[in-house]
Amino acid sequence: MASHIVGYPRMGPKRELKFALESFWDGKSSADELTKVAADLRSSIWKRMADAGIKYIPSNTFSYYDQVLDTTAMLGAVPPRYNWTGGEIGFDTYFSMARGNASVPAMEMTKWFDTNYHFIVPELGPDVKFSYASHKAVDEYKEAKALGVDSVPVLVGPVSYLLLSKRAKGVEKSFSLLSLLDKILPIYKEVVAELKAAGASWIQFDEPTLVTDLESHELQAFTSSYSELESSLSGVNVLVETYFADVPAEAFKTLTSLKGVTGFGFDLVRGTKTLDLIKGGFPSGKYLFAGVVDGRNIWANDLAASIGILESLEAIVGKDKLVVSTSCSLLHTAVDLVNETKLDKELKSWLAFAAQKLLNMKTSLAFFSANAAAQASRKSSPRVTNEAVQKAAAALKGSDHRRATNVSARLDAQQKKLNLPVLPTTTIGSFPQTMEIRRVRREYKAKKVSESDYVKAIKEEINKVVKLQEELDIDVLVHGEPERNDMVEYFGEQLAGFAFTVNGWVQSYGSRCVKPPVIYGDVSRPKPMTVFWSSTAQSMTSRPMKGMLTGPVTILNWSFVRNDQPRFETCYQIALAMKEEVEDLEKAGINVIQIDEAALREGLPLRKSEQAFYLEWAVHSFRITNCGVQDATQIHTHMCYSHFNDIIHSIIDMDADVITIENSRSDEKLLSVFREGVKYGAGIGPGVYDIHSPRIPSLEEIADRINKMLQVLETNILWVNPDCGLKTRKYSEVKPALQNMVSAAKQIRTQLASAK
C-alpha cells in the first residue's frame, strides 16, 4: 500500500534550524549560512522519507518561521507598516512581519487550531494589493526534484487561508474576508501553473478549517474556489487534506464533491466519526488518504488496529486508491527517537517519533510482531498504574471544589494583608535566562558542578532579579525562575508518571521549541517542588513574592499524554498533585500564588458540540488546585496567545482572584468582551506590551493602553503587567520596557488621584 506524509518537523533532530535562525537574527551569521542549514535539513528529510519507501513525499512544508506566513508572502499580503516596495519578499520583510523590528510591531500570533504551534495571522482588507511575491513552493519542488525526489508540493488552501485571517486595523467589521477569494485565486493559479511546468504530478492543498463548524456560505466558498481553479488544476492530481478532528457531515459532502480534486485526506485518529461518513458514501475513482498514524503524539501506532481500519476502507475504495497517511503533519511530534539515550528500553518500545512514524507505515511480519509485543507490554506494565492515585481521583466526583468565600470578600482580605497601590504592577514569572544560568543548569544536570555550587549560583541570580524589581519599584515580585528549563518540563521532572526526553523538541513558534514531557502513567507528587526557591526569594524582600506554578490543564495540554485513558482523568490526577504544592507554599508563608493556565483554551475541541464538556473538567481541575487556601491567599492565573472572548464565562468560573492575560499583540481584542458588557469582579491584568518582540514600548504607548483598559474596567481591579514571561528576552530590552511600564502606571495613579 502506498504511503503519504502530511508534513514533517523542520527544526532538525538537534534543533539545527533554531540555532541558525537565532545566529542570523543576532547578526552573527549571514543569510547564505542560514539558507545552507535550511537546504541541508530539507535534503536530509526528503532522503529519509525516500529511504523509508514513502511514495507521496511533501515539499514546501519546511518554513523559516511559519507556513501561514509563507502563504502571506506568496500572496504579497504584506501590511503597509513594513514598507515593502514589491518584488520577491526577502528575509528583512519576512522576519519583520514575524517578529517586529525596531520601529514597528510584529503581526499577531495565535494558536494553530488546538495545538501548541502558533501561526502568524494574516491582516487583510479591501485595499490589499495581492501579488505573487514568494516563489518558495516552486523553488522547493525543484530543489527536491534535483535530488531525485518527485515531491508533493503543499500549499495552505485558499479558503482556509482567508478563514484563518483577520481584518486589518481600521477595516469594517462587516467586510467579508472571503470576498478576497477573487483576488487571491489568480495567484494560486500562477503557482499551480509553475508547479505543473516544473513537473509536479500531485499538489496538496491543506484545508483544515473544513473540520470546524462552518456556515453554509463558508462551505460554498470551497465549492466556488475549487470550481474556479478546476481548469488550472487539469493535468495534475490534487489532494485536499484535512486534519485535527472529524469532518462534519455537510463539510464532508462539500469536500468530496469538489471539482478538480483527485484525493481526500482525513484524520482518522482524532476524527473517528469520519469513518462512518466514508463508509456511508465515498466518491468512486477518488483516492482516500487515510490518516491512521497519529501525527500529534509519540506513541507507537497500534498496527493491528490500524490494519483493521485500512482493510475496511480497502473494501470501499479499492487497494489501488487507498493511501496510508499520517493524521496530520508530524510537525507536532518530536523528530527522532534514535537521539534518546536516557529512556529505558521498555518505555522506548512504546514510542515513535517522526522518524519512527515513517517506519510505522510498514507492515512487515517482523515489524508487526514487535509492535504487538510493545502494545501488550504497555497494557500490563506495573509502572503505568498507581491504585492510590486512581482512588483519590475517583473520590473527586460529587464536589465542584469552589473556595468558600466569594471573590470580592477575598480581595478585601488580601488587600488588608498585601496593602497594594491602585494599578499594582507585576510581571508574569520568568526573567531573561542568561547563557551563564543555562550553563550552570546544564553542568549541574551533567554532575559537573556540586549541588551547593548550583544552589549558590541560582540564589545569586534570584537575588539579582529581586533587587532589579525593587529598583524598578514593581509591587508584586517574582523570583525569575532561573532554576527552570521549561514551565511544564520543570514540574514533570518532579512528578511520578512522567518521562523525559533529551532531544524531543517540538516547534512552538519561530525558533522557539518546547520539549513536552511524556505522561505514561498515573501522576503523583513525591515531594514539594517549588517551596524552597519561593521561600528563598521571599526571604530577600519585604514585598509580596509570587509562588509560581503551572496549572494542571497546561501541563496536560503541553505534554504528550497517555492515550489509554480519557484526558480528563489524567488532568484530575495532575490537579491533585498541584493542590498539595499550593497548600505547601501557603504554609511556607507565600501569600500570592500564580497557577498558570496558559494553554487552557488551546485544548478546546474544534467543534462547539464538544466544548462544554472540556471546559467543565478543565475549569474544575484548576479549582481543585486552590480550593483549600485561606481567603487572604491571593490566587493568580495567567493565559496567553489565545482568543478568549468565547470562553470568558469559563474564565470567570475558574474563580481566580487575579488573572493576567495576553492582550497587546492581538490589538486588545480581549477588551472588546468587556465593552460588550461582561462584568468581571476579580483582578485582571491585560498585558500592556508584547514580549515576543525585541521592540521596547514607550511610556506613552503603555499609558495609552492602560487608559484604554480603564474605559472598560474598574480602577480597583486593574493590574499592570507585560503579556507573558520574559525568559526569551535580553536584559537590555527588559529593563527599559519595565521601567516604562512602572512609570506609566505611576503617571496614571497620579492622574486618578488628582481627579478625585
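Note that the structure is a prediction, hence the values are computed from the model and not measured.

1. What about the nonpolar core?
Turning to step 1, where the next piece is worked out: Ranked by size, the top nonpolar core spans 106 residues in total, and within it Phe431, Leu600, Tyr689, Ile706 and Leu738 carry the most contacts.
Turning to step 2, where the next piece is worked out: Apart from residues lying up to four places away in sequence, Leu738 is in contact with Thr427, Phe431, Leu472, Ile474, Tyr689, Pro722 and Leu726.
Turning to step 3, where the next piece is worked out: Leu233, Phe266, Leu330 and Leu331 belong to the second-largest nonpolar core, a separate cluster that totals 93 residues.

2. Digging into helix 23 (residues 611-626)
Turning to step 1, where the next piece is worked out: Over its 16 residues, helix 23 runs 24 Å from end to end, which matches the ideal 22 Å to within 8%, given 1.5 Å per residue.
Turning to step 2, where the next piece is worked out: Burial analysis of helix 23 places 13 of its 16 residues in the buried class, the great majority of the element.

3. Thoughts on helix 7 (residues 181-198)
Turning to step 1, where the next piece is worked out: When the terminal C-alpha atoms of helix 7 are compared, their 25 Å separation across 18 residues agrees well with the 26 Å that a helix rising 1.5 Å per residue should span.
Turning to step 2, where the next piece is worked out: Within the sequence span of helix 7, burial applies to Leu181, Ile184, Leu185, Ile187, Tyr188, Val191, Val192, Leu195 and Ala198. In a view along the axis of helix 7, the buried residues occupy a sector of 165°, so they form one face of it. Along helix 7, the residues that are exposed and aim more than 90 degrees away from the buried face are Asp182 and Ala197.
Turning to step 3, where the next piece is worked out: Tucked into the core, helix 7 has its buried residues touching helix 3 (67-74), helix 5 (136-146), strand 6 (152-156), helix 6 (158-163), strand 8 (202-206) and helix 8 (216-233).
Turning to step 4, where the next piece is worked out: Downstream of helix 7 by a residue or two, Gly199 has a phi angle that is positive, lying close to 110°.

4. What about the packing of aromatic side chains?
Turning to step 1, where the next piece is worked out: Considering all chains together, one arrives at 30 aromatic pairs under this definition.
Turning to step 2, where the next piece is worked out: Ring geometry for Tyr188 against Phe205: centres 6.4 Å apart, planes inclined by 35°, an arrangement best described as tilted. One end of the pair, Tyr188, is in helix 7; the other, Phe205, is in strand 8, and 17 residues separate them in sequence.
Turning to step 3, where the next piece is worked out: Here the aromatic rings of Tyr287 and Phe289 are separated by 6.4 Å at their centres, their planes lie at 40°, and the arrangement is tilted.
Turning to step 4, where the next piece is worked out: You can call Phe289 buried: its relative accessible area is 1%.
Turning to step 5, where the next piece is worked out: Members of the aromatic cluster, connected to one another through ring pairs, are Phe24, Trp25, Phe62, Tyr64, Tyr65, Phe91, Tyr94 and Phe95.
Turning to step 6, where the next piece is worked out: Over the aromatic face of Trp25 sits the side chain of Arg99, whose NZ or CZ is 3.9 Å from the ring centroid.
Turning to step 7, where the next piece is worked out: A cation over a ring is seen here: Lys515 above Trp505, with NZ or CZ 5.3 Å from the ring centre.

Cut-off values and rules
- As a convention, each chain's residues are numbered from 1 in the sequence order in which they are written.
- Totals for whole chains, interfaces and linings use all residues, but because this is a predicted model, local features are given only for residues with pLDDT of at least 70 and pairs of side-chain atoms are given and counted only at 80 or more.
- Side-chain measures here rest on the full set of heavy atoms in the structure, leaving out hydrogens and waters.
- Nine residue types can take part in a nonpolar core, namely buried Ala, Val, Leu, Ile, Met, Phe, Trp, Tyr and Cys, and a core is a set of them joined through side-chain atoms within 4.5 Å.
- Each residue gets one of three labels from its accessible area relative to the maximum for its type: buried under 20%, exposed over 50%, partly exposed in between, using a 1.4 Å probe on protein chains only.
- The contact criterion used throughout is that any non-hydrogen atoms of two residues lie within 4.5 Å.
- Strands here are runs of E lasting at least two residues and helices are runs of H or I lasting at least four, both read from the DSSP assignment and numbered beginning at the N terminus.
- A helix's residues, less one, multiplied by 1.5 Å, set its expected span.
- The arc under discussion is defined with respect to the helix axis, by the directions toward the C-beta atoms.
- Think of it this way: a Phe, Tyr or Trp ring, Trp meaning its six-membered ring, pairs with another when their centres are within 6.5 Å, and the plane angle makes it stacked under 30 degrees, edge-to-face over 60, tilted otherwise.
- Lysine NZ or arginine CZ positioned within 6 Å of the ring centre and within 35 degrees of the ring normal marks a charge as sitting over the ring.

These figures come from the coordinates and say nothing about function on their own.
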